[in-house]
Amino acid sequence: MLPCLNKKLFGIECFGCGLQRSIVLIFKGQFLEAFYMYPAVYSLLLLFGVIFFNAFKNFKNGNKIILILAILNAAIIITSYIIKFI
């Protein structure tokens with residue numbers, strides 16, 4: 001696993017802390033634990049899946065879907081980051 005440079009240098013977690021461990025937990029079949037580790041993991045996978053498929057076959061509203069998913073992911077990431085420190 002790659003160490004978090006932000007956590008090493010400044011002592012606080014970044015917005016992506018837990019994503020690597022969460023993906024490893026998904027590959028191990030521990031889906032609920034992966035969600036608790038990094039709540040945006042499934043919506044990020046969906047976002048990257050839509051981006052990947054839109055690159056090969058342009059959806060009718062592909063750009064709008066990607067924008068909505070990106071905003072949703074940003075909201076989930078920021079909310080979970082704030083909750084983590086409360």
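Our structure's up above, just so we're on the same page.
Keep in mind the model is a prediction, meaning the values are calculated, not measured. (Residues numbered from 1 in each chain as written. Predicted model: local features only at pLDDT ≥ 70, side-chain atom pairs only at ≥ 80, totals over all residues. Heavy atoms only, no water.)

Asker: Outline the overall build of the protein chain, supporting the account with residue identities and numerical values.
Answerer: Each helix and strand in the protein chain was counted, giving five helices and zero strands. Its helices and strands taken in sequence order, the protein chain reads α-α-α-α-α from the N to the C terminus. With respect to the principal axes defined by its C-alpha atoms, the protein chain has extents near 45 × 25 × 20 Å. The 86 residues of the protein chain split such that 26% are buried. Contacts spanning at least 24 positions in sequence make up 30% of the contacts within the protein chain whose residues lie at least 6 apart. Approximately 6500 Å² of the protein chain is accessible, and the part contributed by carbon and sulfur atoms is 74%. (Helix = DSSP H or I, 4+ residues; strand = E, 2+ residues; numbered from the N terminus. Buried < 20%, exposed > 50% of the residue type's maximum accessible area, 1.4 Å probe, protein only. Contact = heavy atoms within 4.5 Å. Areas by Shrake-Rupley, 256 points an atom, 1.4 Å probe, with all protein chains shown as cover.)

Asker: Pulling in residues and values, what's your account of the pattern of salt bridges?
Answerer: Within this structure, the stated rule accounts for two salt bridges. A salt bridge links E13 to K7; the shortest N-O distance between them is 3.3 Å. The exposure class of E13 is buried, given its relative accessible area of 18%. (Salt bridge = Lys/Arg side-chain N within 4 Å of Asp/Glu carboxyl O.)

Asker: Which residues make up the packing of helix α4 (residues 41–56) against helix α5 (residues 62–85), and what are the values?
Answerer: Look at α4 against α5: their axes get within 9 Å of each other, and the N-to-C directions meet at 160 degrees. Relative to α5, α4 is oriented roughly antiparallel. Viewed along their axes, α4 and α5 form a crossing whose handedness is left-handed. Here α4 contributes S43, L44, L46, L47, V50, I51 and N54 to the contact with α5, which in turn contributes G62, N63, I65, I66, L69, A70, N73, I76 and I77. Tallied by class, the residues present in the contact of α4 with α5 amount to eleven nonpolar, five polar and no charged. (Axes fitted to C-alpha atoms, helices over the stretch in contact; angles between N-to-C directions. Parallel < 35°, antiparallel > 145°, perpendicular 65-115°, else oblique. Left-handed = near helix turned anticlockwise from the far one by under 90°. Nonpolar A, V, L, I, M, F, W, Y, C, P; charged D, E, K, R; others polar.)

Asker: I'd like to hear about the side chain of S22, residue by residue, with values.
Answerer: Mapped onto the fold, S22 is located in helix α2 (residues 19–27). Within the local environment of S22, its side chain forms a polar contact with the backbone oxygen of A34, the two atoms lying 2.8 Å apart. Once you skip the residues sitting within four places of it in the chain, S22 turns out to touch A34, M37, Y38 and V41. (Polar contact = N/O pair within 3.5 Å; in protein donor to acceptor, adjacent residues only side chain to side chain.)

Asker: Could you give an account of the nonpolar core, naming the residues involved and the relevant values?
Answerer: Counting twelve residues, the largest nonpolar core consists of L25, I26, A34, Y38, A40, V41, L44, L47, V50, I66, L69 and I77. Within the residue set of this core, elements represented by two or more residues are α2, α4 and α5. The dominant element in this core, judged by the number of residues it contributes, is α4, at four residues. What I77 contacts, discounting residues up to four positions off in sequence, is F15, Y38, A40 and L44. (Core = buried A, V, L, I, M, F, W, Y, C linked by side-chain atoms within 4.5 Å.)

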